[in-house]
Amino acid sequence: MKVWVSVLFLLTSLLFSCQKESGHASTSPKDLPKDIYANGLDFIKLGDTLSNFDLNEFSIDRVEDSLEERGGYKWLTRTVHLDSGVLVLEGNFIDERQFNDLQLEFSTLNRLRVGSPHFQTAEGVSVGKSMADLLAANEGKDFRVTVLPSNGLVDLEDPEGHIHYLIEADQTVFSVILEQANRLSVIPPENLIKYIVVM
């Protein structure tokens with residue numbers, strides 16, 4: 001009980017430290033750097049400490065911190081709500097047997113999920129673009145294909161970096177993908193990118 005109260009206190013402290021000060025002059029999300037790299041965004045990179053990520057300079061609706069638990073691990077998730085969508089920042093996975101508040105406080109960015117069309121890759125690909133747009137912008141690339149049926153998504157991993165494109169799909173597509181050698185060809189060209197993930 002003591003540990004849980006302590007964790008709640010830490011998460012609350014982190015959340016309030018991210019709130020914009022009253023009267024603080026902030027930029028519009030349109031002014032944010034828009035480039036997605038293989039190691040993150042201009043203002044937050046893989047390996048950066050989440051507690052040092054200053055949100056005061058950005059125009060945001062709200063920030064939600066949560067402690068996730070799965071498969072014997074715990075990690076901090078910070079969801080940043082922008083006018084155009086969300087950024088989901090996930091900290092490093094901590095073995096629950098060795099979990100303590102200090103590890104949570106110094107949690108580093110392990111995975112970044114972009115759910116806003118404002119941000120784009122060097123090829124000009126963003127959330128909301130279609131499968132056809134993705135392939136046209138990355139002609140000749142041999143994406144690694146993984147089906148995620150429980151999430152209704154297909155994961156296309158860029159072989160040249162740590163960028164994953166999560167494409168919306170249905171059960172029919174999953175079944176055909178598993179049977180075909182050329183898996184990319186069976187994903188409908190009109191299917192949209194729901195998230196771009198850097199990990």
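Our structure's up above, just so we're on the same page.
Residues numbered from 1 in each chain as written. Predicted model: local features only at pLDDT ≥ 70, side-chain atom pairs only at ≥ 80, totals over all residues. Heavy atoms only, no water.

Draft legend 1. Structural detail: the packing of aromatic side chains. Per the stated rule, a full pass over the model turns up three aromatic pairs. Between F43 and F119, the aromatic rings sit 6.3 Å apart at their centres with planes inclined by 55°, giving tilted as the arrangement. With a gap of 76 residues between them, F43 in the loop between β2 (40-41) and β3 (44-45) and F119 in the loop between β8 (109-115) and α3 (131-137) connect regions that are remote in the sequence. Summarising the aromatic geometry, the rings of F143 and Y165 are spaced 6.0 Å apart at their centres and angled 85° between planes, so their arrangement reads as edge-to-face. With F143 in the loop between α3 and β9 (144-148) and Y165 in strand β11 (residues 163-168), this pair connects stretches of sequence that are 22 residues apart. One exposure class covers both F143 and Y165, and it is buried. (Phe/Tyr/Trp six-rings, centres within 6.5 Å; stacked < 30°, edge-to-face > 60°. Helix = DSSP H or I, 4+ residues; strand = E, 2+ residues; numbered from the N terminus. Buried < 20%, exposed > 50% of the residue type's maximum accessible area, 1.4 Å probe, protein only.)

Draft legend 2. Region of interest: the side chain of H81. Mapped onto the elements, H81 comes out in strand β5 (residues 73-82). Side chain to side chain, H81 and E64 meet in a polar contact 3.2 Å long. When residues no more than four places from it in sequence are discounted, the contact partners of H81 are I60, D61, R62, E64 and V86. (Polar contact = N/O pair within 3.5 Å; in protein donor to acceptor, adjacent residues only side chain to side chain. Contact = heavy atoms within 4.5 Å.)

Draft legend 3. How the structure looks around the nonpolar core. If you look at the biggest cluster of nonpolar residues, it comprises 42 residues, and the most contacted ones within it are F119, L134, L156 and Y165. Not counting residues within four places of it along the chain, the set of residues in contact with L156 comprises M131, L134, F143, R144, V145, I163, H164, Y165, I167, L184 and I187. (Core = buried A, V, L, I, M, F, W, Y, C linked by side-chain atoms within 4.5 Å.)

Draft legend 4. Structural detail: the pattern of salt bridges. In this structure the tally under the stated criterion is nine salt bridges. The salt bridge partner of E90 is R113, with a shortest N-O separation of 3.9 Å. Of the two residues, E90 is situated in strand β6 (residues 85-91) and R113 in strand β8; the sequence distance between them amounts to 23 residues. Using a relative accessible area of 24% as the deciding quantity, one classes R113 as partly exposed. (Salt bridge = Lys/Arg side-chain N within 4 Å of Asp/Glu carboxyl O.)

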